[in-house]
Amino acid sequence: MIQFEGVVKRFRRNQVLKGVNLTIERGHRVALVGSNGAGKTTLIRCLLGEYTCEGRVLVDGMDPRQQRSAVLSKVGFVPQLPPPLKMPVRQLVRFAASLCGADPQRMEQVAVRLGLDMERFHGQPFVKLSGGQKQKLLIAIALGRDSELLVLDEPAANLDPEARHIFFQLLAEKKDTAAMLISSHRLDEVASLVNRVVEMDQGNLVLDDRVADLVDLSSSLWCRIRLIQPEAAFAKTIGDWHFRGSDGERAWEGYVAGPDRLRFLGVLARYAALIAAISMEEADTERARAAVPGT
Amino acid sequence: MKHLWLNAYADIVESLRARWFLVYTAVFGGLVVLLFAYGLAESRIMGFTGLSRLLLTYIQLTMAILPVFVLVTTVRSVAGDREAGVFEYLLSLPITLSAWYWGKMLGRFLMVFMPVFLAMIGAIVWGVIKGAAMPWAMLIYYTGLLMVLAWCFLGIGMLISTIARTSDVAQGAAFVVWLTLLLFLDLILLGIMIQEQLPAETAVAIALANPMQVFRTASMMLFDPQLVLLGPSAYVILDSFGQSGYIAYALIYPMLLGTLCAGIGYLIFRRTDLP
């Protein structure tokens, strides 16, 4: 579906992409990882036809620079930093939907599933929303249409655990029909979402590896944690994951989205000395959905 | 075409909430209020009274303020949008570059022209309510002048925004362009150059090429038909063109200049990196 053939990008004397060759097919969920300045954003901008470059970039055989509308109508893009747009939320949705020939209602429905109260915020300027709310709306615009290629730059960074869970489910709904390119500084943030990892370093591809695709994007884990003693900081952190406490806040239980398990364990690692016992097991999807609002 | 109008509309919505637009509207609205507050509609100068006098003063002030305002606000907001990631996101949507660029130009034109025009219309309406005679011919002529003035400097602003990669550079370049045009007004550097034996043809060519000089001459022509206040090159120009000829030139040339600058800006825009 996507082909980068010897893609070179220079900014004056600085060569940012040094002959990138990469092919991505439908069904591939690619983690594009690398440190700052590795060339991830530049590669994405070449893919979106926003940068001119040497070599060839093709999406279904079309050049994104020459056949912008045809290519970009297939692409759903979520940037890392939301643009400071002043137009009201509903207007932004309608504007994007009109350009994409999509149904704005469908985009709004996705936003509502992600936990954004469209009725409350519809007249509010986009720039005045919180970071998480902006992210939800941009995800809704990208996923609330028939995108065949999702380009997501740190898409879940500002989302709360509930919204992340629903976001993973939305990706699961698209995983067989779309290709996904998910950019991140850290592999552990996106590892469980992808089936392929591409690492960039100083404008070169240094790793292109398939990874075990065993985690169901829509799965959940039922988790129980027992503490040595109650701890207010832990209670606050675990409360953000919507866990319920018992036994004087010594015992906690709740659901964790399957692809979020690594992130969750990373959070728990900060309180490792407090934890007396922990158990995680695959949960019944329907029960988990009932426990997570909006799913 | 639908995408062009959509983008023009989006730019209008964005501008309506932008700080530059509030300041811009307040300046021109405030100008009219000030002119009335100082009783300009009741004063007389060189035979012009009432609304004609008010319009003359308003257009003179506008000629001084509008170019620098349009240049700076255009380059700041367009180059600023690029820096802030607005281009990166909106240009990832399936819109053609021509619809994007010309839609932005169209929306921005309405936003810079309407406050100036509406302030002038407001002054006229107020004057008519107060019983002043309606100077129709002057109103139509000045409306046309304001339109081409806004279009011309918007085109120059879009060209600068396309070439400059940061809002600071764009703002500096816009200021230099404005200062250069200002210096080459008839009574400033051009006048000195004529004193220093600059060939008459060169002085006239500079005066005809400088849109600020063209507007100044065009707006004062009705007020001072002999152009004694404007300087030597304007006198020669009027002598060669005649009043009607110069009115046509003052309306057509800046429109072509603005379109040419915007067109070059578009060609550069579509060939270079977008965000």
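All of these numbers come straight from a predicted model, not from anything done at the bench. (Residues numbered from 1 in each chain as written. Chains lettered and ligands numbered in written order. Predicted model: local features only at pLDDT ≥ 70, side-chain atom pairs only at ≥ 80, totals over all residues. Heavy atoms only, no water.)

Student: How would you summarise the overall build of chain B if you had to cite specific residues and measurements?
Tutor: From N to C terminus, chain B includes 12 helices and two strands. Helices and strands in chain B line up, N terminus first, as α-α-β-β-α-α-α-α-α-α-α-α-α-α. Buried positions account for 56% of the 275 residues belonging to chain B. Pairs at least 24 apart in sequence give 79% of the contacts found in chain B among residues at least 6 apart. (Helix = DSSP H or I, 4+ residues; strand = E, 2+ residues; numbered from the N terminus. Buried < 20%, exposed > 50% of the residue type's maximum accessible area, 1.4 Å probe, protein only. Contact = heavy atoms within 4.5 Å.)

Student: So what's going on with the pattern of salt bridges? Residues and values would help.
Tutor: All names here are of chain A. Here the structure, examined in full by the defined rule, presents 23 salt bridges over all chains. K175 is the salt-bridge partner of D176, the closest N and O atoms lying 3.9 Å from each other. Owing to a relative accessible area of 64%, D176 belongs among the exposed residues under this scheme. Salt bridges sharing common partners tie together R26, D60, K74 and E148. (Salt bridge = Lys/Arg side-chain N within 4 Å of Asp/Glu carboxyl O.)

Student: Explain a nonpolar patch on the surface to me, and be specific about the residues and the numbers.
Tutor: The grouping of L265, I278 and M280 of chain A at the surface amounts to a nonpolar patch, some 220 Å² of accessible area in total. Relative to the helices and strands, M280 of chain A resides in strand β13 (residues 275-282). (Patch = residues over 30% accessible without salt bridge, like charges linked within 9 Å, V, L, I, M, F, W, Y side chains within 5 Å. Areas by Shrake-Rupley, 256 points an atom, 1.4 Å probe, with all protein chains shown as cover.)

Student: Which residues make up the interface of chain A and chain B, and what values do they have?
Tutor: Opposite the 33 residues of chain A that make contact, chain B presents 31 residues. In total, chain A and chain B occlude about 2,900 Å² of area from one another, counting both sides; carbon and sulfur atoms represent 61% of this. Viewed at the interface, chain B and chain A are joined by two salt bridges. Secondary-structure elements contributing two or more residues to the side of chain A that touches chain B are β1 (2-11), α1 (40-47), α2 (68-72), α3 (89-100) and α6 (131-143) of chain A. (Buried area = accessible area lost by both parts, 1.4 Å probe.)

Student: Describe unusual backbone geometry, naming the residues involved and giving the relevant values.
Tutor: We note that D60 of chain A has phi near 50°; this positive angle belongs to a residue other than glycine. Mapped onto the fold, D60 of chain A is located in the loop between β4 (54-59) and α2.

Student: Break down the sheet that holds β1 of chain A for me, with residues and values.
Tutor: All names here are of chain A. The strand order β2-β1-β4 describes an open sheet built from three strands, whose pairing is antiparallel. At either margin of the open sheet sits one strand with a lone partner, and together these are β2 (14-24) and β4. Averaged over all pairs of adjacent strands, the angle between their axes in this sheet comes to 20°, without regard to strand direction. In this structure, β1 lies alongside β2, joined through eight bridges in antiparallel fashion. Considered in β2, the bridge of F4 is made with L22. (Pairing = 2+ DSSP bridges. Axes fitted to C-alpha atoms, helices over the stretch in contact; angles between N-to-C directions.)

Student: Can you break down the packing of helix α5 (residues 97-129) of chain B against helix α6 (residues 136-163) of chain B residue by residue, with the values?
Tutor: Residues and elements named next belong to chain B. In the contact formed by α5 and α6, the axes pass within 9 Å of each other and the chain directions differ by 145°. For the element pair α5 and α6, the recorded crossing hand is right-handed. Two secondary-structure elements touch here, α5 through Y101, K104, M105, R108, F109, V112, F113, V116, F117, M120, I121 and I124 and α6 through L139, Y142, T143, L146, M147, A150, W151, L154, G155, M158, L159 and T162. For the contact of α5 with α6, the residue count by class is 19 nonpolar, three polar and two charged. (Left-handed = near helix turned anticlockwise from the far one by under 90°. Nonpolar A, V, L, I, M, F, W, Y, C, P; charged D, E, K, R; others polar.)

Student: Now, about the environment of Y235 of chain B: what can you tell me, with residues and values included?
Tutor: Residue and element names in this part refer to chain B. Looking at where Y235 falls in the secondary structure, it is placed in helix α11 (residues 232-241). In this structure Y235 comes out as partly exposed when scored by relative accessible area, which is 46%. Sequence separation of Y235 and T217 is 18 residues, and the distance between their C-alpha atoms is 9.2 Å.

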